[in-house]
Amino acid sequence: MATVIQQASKAYQQRPKALGITVRRLQFHPEKIKRHYFANSPVMSHLLTALSSTFPVGEQFFVHSVRNMRDRIEDPQLQAQIAAFIGQEAMHSKAHTEFNDAWRKDDYNLDRFQAWLMRKDRHVRNLHPKVQLAITCAFEHFTALLGGYILRHPEVLSTLDEDAMKLWVWHAIEEIEHRAVAFDVYQEIYGDHKLRTLIMRSVTTGFASLTFYSASKLFMQDRRKSLPKVGANLFGIYLVAKMFVQLLPEYLAYYKPDFHPADHDYSELIAYWKEKMAADYDMPAFQETSAQLRYS
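Residues numbered from 1 in each chain as written. Predicted model: local features only at pLDDT ≥ 70, side-chain atom pairs only at ≥ 80, totals over all residues. Heavy atoms only, no water.

1. A few points about the packing of aromatic side chains
So, point 1. In the structure shown here, the tally under the stated rule is 14 aromatic pairs.
So, point 2. Three or more aromatic residues joined by ring pairs form one cluster here, namely Phe-61, Phe-62, Phe-139, Phe-142, Phe-183, Phe-207, Tyr-251, Tyr-254, Tyr-255 and Phe-259.
So, point 3. Directly above the aromatic system of Tyr-108 lies the positively charged group of Arg-35, at a separation of 4.3 Å from the ring centroid. (Phe/Tyr/Trp six-rings, centres within 6.5 Å; stacked < 30°, edge-to-face > 60°. Lys NZ or Arg CZ within 6 Å of the ring centre and 35° of its normal.)

2. Overview of a nonpolar patch on the surface
So, point 1. On the surface, a nonpolar cluster with roughly 300 Å² of combined accessible area is contributed by Val-230, Leu-234 and Ile-237.
So, point 2. Structurally, Leu-234 is set in helix H11 (residues 230-253). (Patch = residues over 30% accessible without salt bridge, like charges linked within 9 Å, V, L, I, M, F, W, Y side chains within 5 Å. Areas by Shrake-Rupley, 256 points an atom, 1.4 Å probe, with all protein chains shown as cover. Salt bridge = Lys/Arg side-chain N within 4 Å of Asp/Glu carboxyl O. Helix = DSSP H or I, 4+ residues; strand = E, 2+ residues; numbered from the N terminus.)

3. As for the packing of helix H2 (residues 42-67) against helix H7 (residues 162-177)
So, point 1. Across the interface, H2 lies against H7 with an axial gap of 13 Å and an inter-helix angle of 50°. As judged from the angle between their axes, H2 and H7 are oblique. Every pair of crossing elements has a handedness; the one defined by H2 and H7 is left-handed. Of H7, the residues touching H2 (which contributes Leu-48, Ser-52, Phe-55 and Glu-59) are Trp-168, His-171 and Glu-175. (Axes fitted to C-alpha atoms, helices over the stretch in contact; angles between N-to-C directions. Parallel < 35°, antiparallel > 145°, perpendicular 65-115°, else oblique. Left-handed = near helix turned anticlockwise from the far one by under 90°. Contact = heavy atoms within 4.5 Å.)

4. Some thoughts on H7
So, point 1. Compared with the 22 Å implied by 1.5 Å per residue over 16 residues, the 22 Å span of H7 between its first and last C-alpha is a close match.
So, point 2. Of all 16 residues in H7, 15 are buried; the element is thus mostly enclosed. (Expected span 1.5 Å × (residues − 1). Buried < 20%, exposed > 50% of the residue type's maximum accessible area, 1.4 Å probe, protein only.)

And the structure:
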């Protein structure tokens, strides 16, 4: 028995480092973030907060769906990528739980929606592991698209206060870093293009309706403060429409038989934001010399 444990420990220690994926702990103060934190627009702010409310449950599911497949992956580098993916998603779930908890107010209640989401999560976890992994691939494509869009628009990010900046830029960078992990696992084990695109169609419909519903509920809970900001709301609607139009080509690329998440090069964008977050926001975790955390 001791020999087996020693062999497992040795194998873990010999696992290579994940390439391009670093697990970082976020230090921020969610209670200091103002409610209309994104460009002072209730529409955009409630939209992002609605997304945040899904992350703790959603990202735990993503980890679950990928971890299901670990024993079937022989490539040591992909195993390292999986470990880093799990670590990053664990940190995202923790940070957004802190954000959501800080925002639980009498006039801003996320609990009912999150309870519904947990019931859905239990249902999805009973699906075939192949379907679960395909769902994760679809959502990871969405989060990478949204992360890339956020980072490409520094003029909008300039309206964020320090803690909101830390949360959303940190998350965007890491979603881009690990965007290919679930996809590579899926391709390695299944490679079923038909199912992957079929699931994406279903996820697109569900994700869009879910986000719109939850953002609308938050907007209405906050209507006394949100409705008077007519100009800011119109600006938020403009930003959402502009985002949909600009992201459409990247979204549609997912349906190509030869698609791979790494086809879109984010390297210069990521390098810029890592340097900026380390220098301007005192986040040494974005220095490439920082230690790589390992998760099993």
